[in-house]
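Structure assessment
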2 protein chains.
Amino acid sequence: MCEANAYMVKDGKEELLMESVDLIEPEDNNSSYRIMSIFGEQKIVKGRIKSMNLVAHKILFERFV
Amino acid sequence: MCEANAYMVKDGKEELLMESVDLIEPEDNNSSYRIMSIFGEQKIVKGRIKSMNLVAHKILFERFV
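Residues numbered from 1 in each chain as written. Chains lettered and ligands numbered in written order. Predicted model: local features only at pLDDT ≥ 70, side-chain atom pairs only at ≥ 80, totals over all residues. Heavy atoms only, no water.

1. Some remarks on the pattern of salt bridges
All names here are of chain A. One pass over the full model with this rule turns up 12 salt bridges over all chains. Between Glu-25 and Arg-34 there is a salt bridge, with its nearest N and O atoms 2.8 Å apart. Owing to a relative accessible area of 29%, Glu-25 belongs among the partly exposed residues under this scheme. Residues Glu-62 and Arg-48 are paired through a salt bridge, measuring 3.1 Å at the closest nitrogen-oxygen approach. Taken together, the residues Glu-62 in strand E6 (residues 58-62) and Arg-48 in strand E5 (residues 48-53) connect sequence positions 14 residues apart. Each member of the pair, Glu-62 as well as Arg-48, carries the same accessibility label: buried. (Salt bridge = Lys/Arg side-chain N within 4 Å of Asp/Glu carboxyl O. Buried < 20%, exposed > 50% of the residue type's maximum accessible area, 1.4 Å probe, protein only. Helix = DSSP H or I, 4+ residues; strand = E, 2+ residues; numbered from the N terminus.)

As structure tokens, then:
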């Protein structure tokens, strides 16, 4: 399976938001994202995408400054 | 490998931008994205992320309206 783990980067540290993320969709004109795991868990993440590394299964979000 | 294919959605149709995308990073304050394949190919995509489906290996971009 090719899901990824989503993290929020805060003060240079990565805090896990959700494991096994499958779906990512922008909400509110890209000021937040809805993420959903392969288990059906959902979260709204306020912020923007900082980087995604699919081969490393890693999605990093950051807050707007 | 868990890379995905990137498409631009235009008039409801999906046009392939790049296969085997590994890295995605926003540029220019999220008005465009730099995408890089596992083969090192790079592209700047003007627009925003419409949706990502990692298990289906699919990343959809769309132009700003």
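2. Considering the state of the cysteines
Two cysteines form a disulfide when their sulfur atoms are joined by a covalent bond. The tally for this structure, following the rule as stated, stands at 1 disulfide over all chains. One disulfide bridge connects A:Cys2 with B:Cys2, the sulfur atoms lying 2.3 Å from each other. Taking the sign of the S-S torsion, about -70° here, the bridge from A:Cys2 to B:Cys2 comes out left-handed. Of this pair, A:Cys2 sits in the segment before strand E1 (4-10) while B:Cys2 sits in the segment before strand E1 (4-10), placing the two residues on different chains. One exposure class covers both A:Cys2 and B:Cys2, and it is buried. (Disulfide = S-S within 2.5 Å.)

3. What to know about the side chain of B:Ser51
In this fold, B:Ser51 is placed in strand E5 (residues 48-53). With relative accessibility at 17%, the residue B:Ser51 sits in the buried group.

4. Considerations on the interface of chain B and chain A
Counting residues at the interface gives 24 residues for chain B, matched by 24 residues for chain A. Carbon and sulfur atoms make up 59% of the area that chain B and chain A hide from each other, which totals about 1900 Å². Across the contact surface, chain B and chain A share 6 residue pairs in polar contact (both at pLDDT 80 or more). Secondary-structure elements contributing two or more residues to the side of chain B that touches chain A are strand E2 (13-27) and E5 of chain B. Broken down by class, the residue content of the side of chain B that touches chain A amounts to 14 nonpolar, 5 polar and 5 charged. (Contact = heavy atoms within 4.5 Å. Buried area = accessible area lost by both parts, 1.4 Å probe. Polar contact = N/O pair within 3.5 Å; in protein donor to acceptor, adjacent residues only side chain to side chain. Nonpolar A, V, L, I, M, F, W, Y, C, P; charged D, E, K, R; others polar.)

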